Amino acid sequence: MPAVSPQSEPARSTAGLDGLDDHVHSPERDAHPVPMRDQRILVEAGELLRALAAPVRIAIVLQLRESERCVHELVDALGVAQPLISQHLRVLKSAGVVHGERHGREVVYRLVDEHLAHIVVDAAAHAEEISGVRSRGSAPRSIAPNSRQETETA
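Below: a short report on this structure. (Residues numbered from 1 in each chain as written. Predicted model: local features only at pLDDT ≥ 70, side-chain atom pairs only at ≥ 80, totals over all residues. Heavy atoms only, no water.)

## What to know about the pairing of strand E2 (residues 98-103)
No. 1: For E2 and strand E3 (residues 106-111), the ladder comprises 6 bridges, and the chain directions are antiparallel. Within the sheet, the bridge partner assigned to Val98 lies in E3 and is Leu111. (Pairing = 2+ DSSP bridges. Helix = DSSP H or I, 4+ residues; strand = E, 2+ residues; numbered from the N terminus.)

Take a look at the structure:
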């Protein structure tokens, strides 16, 4: 089959095929572009979301939203091995999500900022809504890693 270049194919208008015209905006809508944020801010926001993008880390943030906790309390609450909890806490700490403070032999972790909890709570609420629409009554999945991806992204 010969390759088709943009020059060899006649131009066709897709206007009206799906009820929308190309580049035509409703007069009732404000179609002005939103000012772009500084690229550095966008990169930092992406890194923050990447740090939060693991089920165990989301569960840790939800636990810390309720109160500060030490590692063994997170292990008990989440049912995840201590080395894995520590690994995830390192990721969250390096991303500026959590702060650890030594109390004797234990390090107690807390969220750095309440905004972070809102991000996670909103994402979890959205996932619950979507999940409820997709499959009513299915059993919840474990947050314990069952693949190499979970431990590799930590």
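## Focus: the layout of surface pockets
No. 1: Approximately 160 Å³ is the volume attributed to the second largest pocket.
No. 2: Lining the second largest pocket, in full, are Glu44, Glu47, Leu48, Arg50, Ala51, Val91, Ser94, Ala95 and Leu116.
No. 3: Elements with a minimum of two residues in the lining of the second largest pocket: helix H1 (39-51) and helix H4 (82-94).
No. 4: With 5 residues, H1 is the single largest residue contributor to the lining of the second largest pocket. (1 Å grid on protein atoms, 1.4 Å probe; cavity = no way out; pocket = protein on both sides within 12 Å on 5 of 7 lines; lining within 4 Å. Points joined across faces, edges and corners; volume = space filled by probe spheres on them.)

## Focus: the packing of helix H2 (residues 55-66) against H4
No. 1: Running from amino to carboxyl end, H2 crosses H4 at an angle of 75°, the nearest separation of the two axes being 10 Å. With respect to H4, the element H2 is oriented roughly perpendicular. Within the contact between the two elements, H2 uses Val56, Arg57, Ile60 and Val61 and H4 uses Ile85, His88, Leu89, Val91 and Leu92.
No. 2: Of the residues in the contact of H2 with H4, the class split is 7 nonpolar, 1 polar and 1 charged. (Axes fitted to C-alpha atoms, helices over the stretch in contact; angles between N-to-C directions. Parallel < 35°, antiparallel > 145°, perpendicular 65-115°, else oblique. Contact = heavy atoms within 4.5 Å. Nonpolar A, V, L, I, M, F, W, Y, C, P; charged D, E, K, R; others polar.)

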